[in-house]
Amino acid sequence: EDDLQFILCEGCQQESPNLKLLTCLHSLCLGCLSENKPVGQCPVCCTAIPQASGIPDMDNLLFTNLQARLKVYKQMVDGVDLFCDNCRKVGEFWCSECFEFLCTKCFEAHQRYLRWESHRARRVTDIRAGPAKDFLESIRKGGNFFCSNPAHKSQPVSIYCQRCEKALCCSCALLDNQHAPFRDIRSETQRRQEELSSMERELRRRRSGFEATYASLQGEAARLEEAQREMRELIRQRVEQLVRLIRREEEELVGLVEARQEQGRRELARELRHVEGVLRRMEAGERLVEKMSLYATEQEVMDMQPFIKASLQELQQLQLPAAGSQAEPGPFAECRARLQAL
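Parameters at a glance
- Residues numbered from 1 in each chain as written.
- Predicted model: local features only at pLDDT ≥ 70, side-chain atom pairs only at ≥ 80, totals over all residues.
- Heavy atoms only, no water.
- Helix = DSSP H or I, 4+ residues; strand = E, 2+ residues; numbered from the N terminus.
- Buried < 20%, exposed > 50% of the residue type's maximum accessible area, 1.4 Å probe, protein only.
- Contact = heavy atoms within 4.5 Å.
- Areas by Shrake-Rupley, 256 points an atom, 1.4 Å probe, with all protein chains shown as cover.
- UniProt positions renumbered as here; feature names shortened; annotations may be inferred.
- Pairing = 2+ DSSP bridges.
- Axes fitted to C-alpha atoms, helices over the stretch in contact; angles between N-to-C directions.
- Core = buried A, V, L, I, M, F, W, Y, C linked by side-chain atoms within 4.5 Å.
- Domains from an automatic or database assignment.
- Expected span 1.5 Å × (residues − 1).
- Bend = angle between axes of the 7 residues up to and from the residue.
- Disulfide = S-S within 2.5 Å.
- Polar contact = N/O pair within 3.5 Å; in protein donor to acceptor, adjacent residues only side chain to side chain.

As recorded in an unreviewed UniProt entry, the chain goes by PML protein and comes from Sapayoa aenigma.

So, in structure tokens, the structure goes:
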């Protein structure tokens, strides 16, 4: 049944006859504890396991015994192998004190000899018709435990020694004068259960504070995730905006470069044409003076010399253009400044 799944190992979720109870109050089987030994922590809550072997000393007797009782209940529900534990006939009754199946004949003898005891045998058909929780409840209410002294093994425990904190049978209490003072075992059991219940209530009260803190931390984690998501989205939007601005600036700068390049090309073409014309004039002057010195008559020299002289003087007064004068700052200085600012 779903509400009885708590008896399984909290690691592998399987039944185990060797459940150990950790100091963190989680229950694990030996297999899970062996696998978890290198870690040295509870795999459920990460609490350290103090034992060096990784195997706690405390057995979870409650869960282990519940598993054993549920196996008996399952045997009844399945209706197989129900034989009297005394004569091996068909078992029709079950005694929760003897933990035995009884046939009709043995049940009658059981009731006759143990009628003054707290043994309560029930029909298997009645047990089978009810849920497992009712079966476990009937065992809990009628259950007795017996003395741990081997000589008094059949004696039920009814006395609690407060000095040695042990449960005793009447024989132990009477024969050993070291035991005192005494309390009724039922009263002591009830006191211990009430003590645990009181601690459990206090734990519930404190748990609400931890739950509030846990919820607050979860909210903080959620807010952190939301802040991260918003920041990532803001970064994405801002980067896209910057990319658009840079693309637009790229288009403007490329247009400016092309315009400056066209302007510089026209200016250079004009300078080239001017320098080319000067060169041709110089070549013409040099050639004309050379030819005159070779072939001109005195009359031709006298008539042409003033005009040629004036032209040559004009050529001599021309200034050479500064080579590379456009490099700095040059036509792209504005582009470089805008790139630096970008």
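**Student:** Can you explain the overall build of the chain? Please cite residues and give values.
**Tutor:** Along the backbone of the chain there are nine helices and eight strands. Per-residue burial for the chain yields a buried fraction of 22% across its 342 residues. Sequence-distant contacts in the chain: of pairs separated by 6 or more residues, those separated by 24 or more amount to 43%. Summed over all atoms, the accessible surface of the chain reaches about 25300 Å², with 54% contributed by carbon and sulfur.

**Student:** An account of unusual backbone geometry is needed here, citing residue identities and associated values.
**Tutor:** For C46, which is not glycine, the phi dihedral falls at a positive 65°. A positive phi angle is found at R88, which is not glycine, with a value near 70°. Position of R88 relative to the elements: it lies in the loop between helix 2 (61–78) and strand 3 (93–95).

**Student:** Talk me through the UniProt feature "domain: RING-type" (unreviewed entry) in the chain; I want residue IDs and the actual numbers.
**Tutor:** Feature annotation in UniProt places "domain: RING-type" (unreviewed entry) on residues 9–45, given in this structure's numbering. Secondary structure content for residues 9–45 is 19% helix and 16% strand, and the end C-alpha separation is 14 Å.

**Student:** Which residues make up the sheet that holds strand 4 (residues 100–102), and what values do they have?
**Tutor:** Pairing is antiparallel across the open sheet formed by three strands, whose spatial order is 4-3-5. Looking along the sheet, the strands with just one partner apiece sit at the ends: strand 4 and strand 5 (121–123). Going across the sheet, the axis of each strand differs from the next one's by a mean of 30°, ignoring polarity. Relative to strand 4, strand 3 runs antiparallel, the two being bridged by three bridges. The partner of F93 across the bridge, within strand 4, is L102. Against the sheet, helix 3 (residues 104–113) makes contact with strand 3, strand 4 and strand 5, and its axis sits at roughly 110° relative to strand 4, the strand it touches most.

**Student:** Lay out the nonpolar core with the relevant residues and their values.
**Tutor:** L22, M76, W94, F101 and F135 are the most contacted members of the largest nonpolar core, which has 28 residues in total. Contributions of two or more residues to this core are made by strand 2 (27–29), helix 1 (30–36), helix 2, helix 4 (124–129) and helix 5 (132–142). Here this core gets six residues from one element, more than from any other, and that element is helix 2. Residue assignment places this core across two domains, with domain 1 (1–59) and domain 2 (80–143) each supplying three or more. Counting residues in each nonpolar core, the second largest holds eight residues, with C95, L102, F107 and A121 among its members.

**Student:** Account for helix 8 (residues 298–317), naming residues and giving values.
**Tutor:** Relative to the 28 Å expected for 20 residues at 1.5 Å per residue, helix 8 spans 28 Å between its end C-alpha atoms, a close match to the ideal helical length. At M304, helix 8 shows its maximal bend, which comes to roughly 45°, and the proline P306 appears one to four places after that position.

**Student:** So, the state of the cysteines: which residues are in play, and what are the values?
**Tutor:** Per the stated rule, a full pass over the model turns up zero disulfides. C106 provides the cysteine sulfur closest to C84, a residue in no disulfide bond, and the two sulfurs are 3.6 Å apart.

**Student:** Give a detailed account of the side chain of S16, specifying residues and quantitative values.
**Tutor:** Here S16 lies in the segment before strand 1 (19–21). Overall, the relative accessible area of 9% leaves S16 in the buried class. At 3.2 Å, the side chain of S16 forms a polar contact with the backbone nitrogen of N18. Setting aside anything within four residues of it in sequence, one finds S16 in contact with C29 and Q67.

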